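Here is how the chains run, residue by residue.
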Amino acid sequence: MPTTVVTGGAGFLGSHLCDYLLEKGHKVICIDNLCTGRMANVEHLAKNDNFLFLHSDVSGFIQVDGPVDYILHFASPASPIDYLKLPIQTLKVGSLGTHNALGLAKAKGARFLLASTSEVYGDPAVHPQTEDYWGHVNPIGPRGVYDEAKRFAEAITMAYHRTHGIETRIVRIFNTYGPRMRIDDGRALPSFLSQMLKGEDITVFGDGQQTRSFCFVSDLVNGIYRLLMSDEIEPVNIGNPEEISIQDFAKELKELTGSCSKIVHRPLPVDDPKVRRPDITKAKACLGWEPVVSRREGLTKTIAYFRGELGLS
Ligand code: UDP
């Protein structure tokens, strides 16, 4: 039975990964400082003998007893309002936290997988984004704290691979949604749904013509597991290439929720990417992976979850 450490395991993606790994027969050690993660995301695992929760900040030191086979480094604030509120913690977990997690991988002889992001492409000048695009990031803008932390994390991951021969994998995660997103995490989907379900105005930033491509969490977790078990050292995009403008996304959600809320426009945040869509040619070729959940199906499940969170179901 392999032992797998998931840093940030009580977060949105981390907790779905814990579930998936347990289903695949792993023993899971979840480490989280609960800065943006929540115990509620993993409390259903509390009685599982193969699950251990450690309340700890990976930017300090990571203490794990016994053998470890895999480390999935997912700890980090990940929504724009979270990392704008926690800029130094975001830089620390991307740099010091990644260093510590790689150090643990070296000490244990474990395979390491880094949760990187489409934000390494910044406001992209190449569309859709392929893994060989180096990106267009403003290092000193407010978003730079996340983008540069993840770019550094990729660099140190490759350095540990090249210098110490650690087995490493890097996933570049595009916008993902599903149950367990925090309703107040400020991202488009939770904000819009909470506004619609409460009958408030829907705040579309800018003219709403900027685009994103939304992947349902079960597809993402499946892609990450395939990458973990593959031989691919260099970064792989995992995301759903179906692109939509934020204005149309708000309208689609309005239709699905039957909401009467009206769309209002607010200023576009600084350095907000104008377009984003993954090129998943590499994931298809190397991992035999592509998303299977349609946006309508994924959104229906997510709306049901948020209704429950707001006590409306
Ligand atoms: N956005 C919006 N209204 C909101 C929250 C977000 O119009 O209440 C926009 C945001 O400006 C961006 C897109 O939705 O263009 C996706 O934002 P999100 O925070 O979900 O993630 P990002 O892809 O920017 O990291």
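To be clear, the structure that these remarks concern was listed above.
Bear in mind that the values here come from a model prediction, so they are computed numbers and not experimental data.

### A closer look at the sheet that holds strand E11 (residues 236–238)
Each strand in a sheet pairs with its neighbour through backbone hydrogen bonds, running either in the same direction (parallel) or in the opposite one (antiparallel).
Argument step 1. Spatial ordering of the open sheet is given by E3-E2-E1-E4-E5-E6-E11, a layout of 7 strands whose pairing is parallel. Among the strands making up the open sheet, the edge pair consists of strand E3 (51–55) and E11. Neighbouring strand axes in the sheet, compared pairwise and without regard to direction, differ in orientation by 20 degrees on average.
Argument step 2. With 3 bridges connecting them, strand E6 (residues 168–173) and E11 associate as parallel partners. Counterpart to Arg 172 in the pairing with E11 is Asn 237.
Argument step 3. With respect to the sheet, helix H3 (residues 87–108) is in contact with strand E4 (70–73), strand E5 (111–117) and E6, its orientation differing from that of E4 by roughly 175 degrees.

### Notes on the nonpolar core
Argument step 1. Among the nonpolar cores identified, the biggest contains 56 residues, and Leu 72, Phe 74, Phe 192 and Ile 224 are the most heavily contacted of them.
Argument step 2. Discounting residues that sit within four places of it in the chain, Phe 192 has contacts with Ile 202, Thr 203, Val 204, Ile 246, Phe 249, Ala 250 and Leu 253.

### Side note on the pattern of salt bridges
Argument step 1. As enumerated under the stated definition, the model contains 21 salt bridges in all.
Argument step 2. Between Asp 184 and Arg 182 there is a salt bridge whose closest N-O contact spans 2.9 Å.
Argument step 3. When the shortest N-O distance is used, the salt bridge between Arg 212 and Asp 272 registers 3.1 Å. Residue Arg 212 is found in strand E9 (residues 211–213), and its partner Asp 272 is found in the loop between strand E13 (263–266) and helix H8 (281–287); the two are separated by 60 residues along the sequence.
Argument step 4. Here Arg 212 falls in the buried class, since its relative accessible area comes to 7%.
Argument step 5. Residue classification places Asp 272 among the buried residues on the basis of a relative accessible area of 12%.

Reading the values: rules and limits
- Residues numbered from 1 in each chain as written.
- Predicted model: local features only at pLDDT ≥ 70, side-chain atom pairs only at ≥ 80, totals over all residues.
- Heavy atoms only, no water.
- Pairing = 2+ DSSP bridges.
- Helix = DSSP H or I, 4+ residues; strand = E, 2+ residues; numbered from the N terminus.
- Axes fitted to C-alpha atoms, helices over the stretch in contact; angles between N-to-C directions.
- Contact = heavy atoms within 4.5 Å.
- Core = buried A, V, L, I, M, F, W, Y, C linked by side-chain atoms within 4.5 Å.
- Buried < 20%, exposed > 50% of the residue type's maximum accessible area, 1.4 Å probe, protein only.
- Salt bridge = Lys/Arg side-chain N within 4 Å of Asp/Glu carboxyl O.

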